[in-house]
Amino acid sequence: MNPKVCAHRGFAAEHTENTFASIAAAYKLGCRWAECDIQLSAEGVPLLYHDASLKRISRVSGDIRKTPLARARELGITRLASLAPLFKRHPQAKLFVELKTESMRSLGREAVLDAVLKAIRPFERRCVLISFDIAALALARQKTKLPIGFVMSNRFQLRLGSVAALRPDFVFRDLRSLAKKGDLRLAPINGQVPRQCVWEVPDPKVAAGLFARGIDMIETFAVDRYLESA
């Protein structure tokens, strides 16, 4: 597996996204990198879940942030801490852990960050904390030495002094936001050139073009396509 390919929410093309099964399948295929999204349960336990609403994935009504852990388990929702055994099985595996804005708005940035740091403690050296929320990443810089990644909502954010102050190790960009042609390499941000990762790139041919233009990594649900094209 190409180390430049990250399994977006795990091997989500074949497994329910953001589950132990999807992350485990990605690593078993040979992926070095996987990405997961984090929301907190009613008790403040970090769970692998993208949406605040339970409707799209779990097909029930309700809000993940108001869902007790026991109910989350009934719905097959994975706790972040439960991923620990995977890193013993896969010594090269790494994980992007996205702090979702919905839980931070409800519970506060510090509460979410503290809960996540506690959950990943056994495998924290394998983790990169990422978020759309600049203030959450600034807080992460204060509380931990873990690498961080800024997820961009638009290309103009790189001009912000608050982003420069972060000195992010990674920058995540939406494929749809990129220029169709030309060099995509970044100038140094406060003396550091972050690695760029682009989501969602399902086609290896498109990915090859992005790598040639200066992108470092791509995210995809369909990691098996990259294995087949290797």
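In this convention, every chain numbers its residues from 1, walking through the sequence in written order. In keeping with the model being predicted, local features are shown solely for residues with a pLDDT of at least 70 and side-chain atom pairs are shown and tallied solely at 80 or more, while totals for entire chains, interfaces and linings include all residues. Heavy atoms from the whole structure form the basis of all side-chain values; hydrogens and water molecules are not counted.

**Things to note about the packing of aromatic side chains**
Here the distance between the centres and the angle between the planes together describe a pair of aromatic rings.
Working step 1: Two rings from Phe, Tyr or Trp (for Trp, the six-membered ring) form a pair when their centres are within 6.5 Å of each other. A pair whose planes differ by under 30 degrees is stacked, one over 60 is edge-to-face, and the rest are tilted. Enumeration over the complete set of coordinates arrives at eight aromatic pairs.
Working step 2: A centroid spacing of 5.7 Å and a plane angle of 70° characterise the contact between Trp33 and Phe170, whose relative ring orientation is edge-to-face. Separated by 137 residues along the polypeptide, Trp33 in strand S2 (residues 33-40) and Phe170 in strand S7 (residues 170-174) bring together distant segments of the chain.
Working step 3: For Trp33, a relative accessible area of 5% gives the class buried. Helix and strand assignments come from DSSP, with helices taken as H or I runs of at least 4 residues and strands as E runs of at least 2, each series counted from the N terminus. Each residue gets one of three labels from its accessible area relative to the maximum for its type: buried under 20%, exposed over 50%, partly exposed in between, using a 1.4 Å probe on protein chains only.

**Regarding the pattern of salt bridges**
Working step 1: The rule for a salt bridge is simple: a side-chain nitrogen of Lys or Arg has to be within 4 Å of a carboxyl oxygen of Asp or Glu. On inspection of all chains with the given rule, the structure shows 14 salt bridges.
Working step 2: One salt bridge connects Glu17 with Arg56, and the closest N-O pair in it is separated by 2.8 Å. Here the residue Glu17 occupies a position in the loop between strand S1 (5-8) and helix H1 (20-29), and Arg56 occupies one in helix H2 (residues 55-58), the gap between them amounting to 39 residues.
Working step 3: We classify Arg56 as partly exposed; its relative accessible area is 41%.
Working step 4: Asp51 is the salt-bridge partner of Arg56, the closest N and O atoms lying 2.7 Å from each other.
Working step 5: You can call Asp51 buried: its relative accessible area is 17%.

**Things to note about the nonpolar core**
A general tendency of soluble globular proteins is for nonpolar side chains to be buried together.
Working step 1: Core analysis: the biggest nonpolar cluster contains 58 residues, and Leu80, Leu95, Leu129 and Ile218 have the highest contact counts within it.
Working step 2: With six residues, the top contributor of residues to this core is helix H6 (residues 109-119).
Working step 3: Contacts are assigned to residue pairs with any non-hydrogen atoms lying within 4.5 Å of each other. Not counting residues within four places of it along the chain, the set of residues in contact with Leu95 comprises Tyr27, Trp33, Ala34, Glu35, Cys36, Leu80, Leu83, Phe87, Phe123, Arg126, Cys127 and Val128.
Working step 4: Take the buried Ala, Val, Leu, Ile, Met, Phe, Trp, Tyr and Cys residues and link them wherever side-chain atoms come within 4.5 Å; each set so joined is a nonpolar core. Counting residues in each nonpolar core, the second largest holds eleven residues, with Phe96, Val128, Ile130 and Phe172 among its members.

**As for a positive patch on the surface**
Working step 1: Side chains of Lys4, Arg32, Lys94 and Arg195 sit close together on the surface and give a patch of like positive charge.
Working step 2: With respect to the helices and strands, the residue Lys94 is situated in strand S4 (residues 94-99). Exposure above 30% relative accessible area and no salt bridge define the residues that can form patches, which grow by joining like charges within 9 Å and nonpolar side chains of Val, Leu, Ile, Met, Phe, Trp and Tyr within 5 Å. Residue exposure ignores everything except the shown protein chains as possible cover, and the areas themselves are Shrake-Rupley values with a 1.4 Å probe. Under the counting rule used here, the positive set is Lys and Arg, the negative set is Asp and Glu, and His together with the chain ends is not counted. A single reference atom marks each charge: NZ on Lys, CZ on Arg, CG on Asp, CD on Glu.

**Looking at unusual backbone geometry**
Working step 1: At Arg9, a residue that is not glycine, the phi angle is positive and equals roughly 60°.
Working step 2: Checked against the element boundaries, Arg9 lands in the loop between S1 and H1.
Working step 3: For Arg9, a relative accessible area of 11% puts it in the buried group.
Working step 4: Even without being glycine, Arg167 reaches a positive phi, approximately 50°.
Working step 5: Mapped onto the secondary structure, Arg167 falls in the loop between helix H8 (161-166) and S7.
Working step 6: For Arg167, a relative accessible area of 33% puts it in the partly exposed group.

As far as function goes, none of this settles anything; it's purely spatial.
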